[in-house]
Structures are given as C-alpha cells and as structure tokens.
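Commentary on secondary and tertiary structure
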Amino acid sequence: MHLPELTDAEASLLGEMRGRLIAQIESAGGALPFDLYMETALYSPGLGYYVNGRRKFGEAGDFVTAPEVSPLFSRCLARQVAECLLNLGGGSVLEVGAGSGRMATDMLSELEMLDALPERYQILELSPSLRQAQFDTLSHGVPHLLPRVVWLTEMPSAGFRGVLVGNELLDAMPVHRFRRVEGTWQELAVAVKGRTFCDRWKPLQSPGLAEALEKLWPDATGVIEGYSSELNMRLAPWLKAVAASLDAGYIILIDYGFAQREYYHAERSLGTLICHFRHRAYADPYLLPGLQDMTANVDFTALAQAAVALGFELSGYTTQAHFLIDSGLEQMLSTSDPNDLKRHLSMMQGVKKLTLPGEMGERFKVMALARGARAALSGFRSRDMRERL
Ligand SMILES: C[S@@+](CC[C@H](N)C(=O)[O-])C[C@H]1O[C@@H](n2cnc3c(N)ncnc32)[C@H](O)[C@@H]1O
C-alpha cells in the first residue's frame, strides 16, 4: 500500500512513540497484551494519537466522522436530545469524546432554535489539544452559548441528570485480540522486532478474557481453525462508571457495529480492527503508532446486556439512517431552497453520505438507554431492531 510521505514532525512523533512502546514492551517481559499496546498508541500522554496535536478529523485529517459530514447529523441528534430533556423536565447534556467540537456547536445551535437549551453542555475530553480545538470551534460558532459549556476530565460524580451522547466513542476503546488454534484460544501480545513490532500469540492471560470467550462460545468446538477477532473488555466498566454518575436520564451512542451474532459470525474471521492515516484504511496496527487511528466495531449486544444489568431500559437500537429520518431529517431537507443551488447540493450530498446503505446509513447504528425516565423515544419509531441483539 502506498502511504503519503511523513512530515518531519510526524516522523519524529513516530520515533518517540516507538521508543515509548519498545520500553513498555521490554518492561512487560518482551510481550505486551494488545489492548495495552493500543491504549499507549492512542492515549499515552503527549504522544498518543488522540492526545498529540496532529489534525485527525475532516478532509485535512485522517478520517471523517458524521458531525463533520453535515450539520444535519447533529441537528437531528439535538432534536432527539430535546425530546429527552422534555421527558426529564430539564437537565444537562454530557458529550463524551467531542472531537473537533463540531457536534457540540451544531447541537447547541439547534437546541437554542428549539428553545430547548440544556442547563449545561458538558464535554468529557481526555485530550488537552482536542479541548482547545473544541473551545475554538464553539467560540467561533456559538460564542454566546459558551458560558453553558463545561469541560470535564472525568465522569461527573453522582447526580447527573440529562442526556449523555457519544459519537464514535466506543470504537476508540482499546480491545483484546484473540484467535482459535488447534482447539484452544490464544490472545495476541505485541513484541519488538528491530524498531518496529510483531505479533506474539500466547495462551490466554489477560484477566477475564477466558470467561468472556466462554460466555461468547460455551461450546467452541465448531469455531474454525485460525478464526480471530477482538473483544472490548472496557465497555462494561465504562458503562458502570456512567451508571454511577447518572441519576436519571438517557445515553445515546452512535457507532459502527453489529449485534453479537453478526459480529462474531464465522465469515467475519479476521475481526474488525482497522487503522486510518490520511484517509487510507489498512489492517496493520504496527505501521504508524501515534499517527494512525485504530478502531474496532462495537458489539451492541454486549452494550445492551451490560446496560440492562445496570438497571437501564433499552430505548431502541436502529440504523443511523432510520434514526436521522425519525429525528426530522426529511423535514429539515424540505426547508432547503433548491434555487440556492450550492447550499442545496451540499445538503443533499451530506444526506446521502449519512443515510445511504453503502455509506454510513446502515453500518452505523444508534442505541439509546434510559434510566429513571420514559424509555420510548421517537428516533426509534420506524425501525426498531432490538430483537436482533
Ligand atoms: C473517533 S473519535 C470521535 C470524535 C467525535 N465524537 C466525532 O464524532 O467526530 C473518538 C473520541 O473518543 C474519545 N474517547 C475514547 N475513549 C474515551 C473515554 N473512555 N472517555 C472519554 N473520551 C474517550 C477519544 O479521545 C476521541 O476523542
């Protein structure tokens, strides 16, 4: 694969990240569980992909997320959030992992238009450079609403009432990788090879991984030789922390993923881990640590099970296309003036990308969870896929 040449700054960042990973692997005895490799590559202070100041989102970055495709995405989500706040009789919004701040800006301006502004718009962001980017976007787009915006570095302590939203948040969590070989499970660790990295398959060692695989495959005799995939063991602890801080309200998560049956289907025998660098997508996680995004699809069944165990009701699970349509997309489109050709075409293009099955429309799903609040939500009116989970 041909990758664009690295700038000097990128080459230096890559060198530093490799040095940090090599030291971490050596101090772990020569092999580091894959989730820890991924955690360092994405989140290590100062250098990790989501922490260093390199541009990631949009055309000039590595990938494009839905809020960057079109403001209609965030405006539709805002409408669903407005309904949630109405059900709750008020409350705040908490956005986790807010990227460039585009979604916060467009949601706030739509919520203002709907006369449904939240008490606070809280942003939980781990990256100082992204916090700055978010501040800049919001200052430019909705300066008068900035006093409502609060940045957090951890989940609020108990007592949050409102709506938590996260777009492409869960896919950015570090995962374990595993495979089936000669009738046993193995997990992937990362070893050093020169100045780069290689696979080192080992018997299961990470706490909880054997139990998690046993739950997925109580009888693993039918699993094909060489089958491999990944598992997000951080999802349930993350949700538990959210549950501890949420007094009453909703969680709305949008991400690419499947129900468990589809995720771990025998035909998807190499898992879903993928890397992005300047709009190239590839499978090698060792190529550009610190410069490339690494992401895995979301197991929405696991999310729903963890949520129900924590006392949430499943409000709905549907495709992004259906969610946006049920949240007012068509109505927004109908207000676009076809005589204002440039604006109209750009709007149509955004809608296509967000909703067509071959684009983001079906690959991306939306799941909403409710606790202490009315579960039924209009975003899931026309296509409820909960029975698939
Ligand atoms: C793929 S980006 C999506 C950004 C943005 N939501 C968008 O749609 O453009 C994933 C974001 O999730 C954040 N993230 C991942 N795990 C997190 C966690 N446990 N707490 C807070 N943020 C997290 C990352 O730092 C990153 O900003």
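Shown above is the structure to which this text applies.
So, a few notes on the structure that sits alongside this text. Just so you know, these numbers come straight off a predicted model, no measurement behind them.

1. Some remarks on the pattern of salt bridges
- Counting across every chain of the model gives ten salt bridges.
- One salt bridge connects Arg234 with Asp35, and the closest N-O pair in it is separated by 2.8 Å. Note that Arg234 is positioned in the loop between β9 (228–231) and α8 (235–245) and Asp35 in helix α2 (residues 34–43), a separation of 199 residues in sequence.
- The exposure class of Arg234 is partly exposed, given its relative accessible area of 24%.
- A salt bridge links Arg102 to Asp106; the nearest nitrogen and oxygen atoms lie 3.3 Å apart.

2. Digging into the site of the ligand
- Near the ligand lie 17 residues; those nearest to it are Tyr43, Tyr50, Thr65, Gly97 and Asn167.
- Measuring from an oxygen atom of the ligand, one finds a side-chain N or O atom of Thr65 at 2.6 Å.
- A distance of 2.7 Å is found between an oxygen atom of the ligand and a side-chain nitrogen or oxygen belonging to Asn167.
- For the ligand, whose unbound accessible area comes to 600 Å², protein coverage reaches 93%.

3. Here we look at the packing of aromatic side chains
- Here the structure, examined in full by the defined rule, presents 19 aromatic pairs.
- With 5.9 Å between their ring centres and 70° between their planes, Phe178 and Trp217 make a pair best called edge-to-face. Of this pair, Phe178 sits in strand β6 (residues 176–181) while Trp217 sits in the loop between α7 (209–216) and β9, placing them 39 residues apart in sequence. Both residues of the pair, Phe178 and Trp217, count as buried.
- Taking 5.5 Å as the distance between ring centres and 50° as the angle between the ring planes, the aromatic pair formed by Phe323 and Phe380 counts as tilted. Taken as a pair, Phe323 in helix α11 (residues 320–326) and Phe380 in the segment after β16 (364–371) lie far apart in primary sequence, 57 residues in all.
- What makes Phe323 buried here is its relative accessible area of 2%.
- Through a chain of ring-to-ring contacts, the aromatic side chains of Phe178, Trp185, Trp217, Tyr227, Phe258, Tyr263 and Tyr264 assemble into a single cluster.
- Cation over ring: Lys56 sits above Tyr49, and NZ or CZ is 4.9 Å from the ring centre.
- Residue placement shows Arg371 over the ring face of Phe312; its charged tip is 4.9 Å from the ring centre.

Cut-off values and rules
- Residues numbered from 1 in each chain as written.
- Predicted model: local features only at pLDDT ≥ 70, side-chain atom pairs only at ≥ 80, totals over all residues.
- Heavy atoms only, no water.
- Salt bridge = Lys/Arg side-chain N within 4 Å of Asp/Glu carboxyl O.
- Helix = DSSP H or I, 4+ residues; strand = E, 2+ residues; numbered from the N terminus.
- Buried < 20%, exposed > 50% of the residue type's maximum accessible area, 1.4 Å probe, protein only.
- Near = heavy atom within 4 Å.
- Polar contact = N/O pair within 3.5 Å; in protein donor to acceptor, adjacent residues only side chain to side chain.
- Areas by Shrake-Rupley, 256 points an atom, 1.4 Å probe, with all protein chains shown as cover.
- Phe/Tyr/Trp six-rings, centres within 6.5 Å; stacked < 30°, edge-to-face > 60°.
- Lys NZ or Arg CZ within 6 Å of the ring centre and 35° of its normal.

Taken by themselves, the reported measurements are silent on function.
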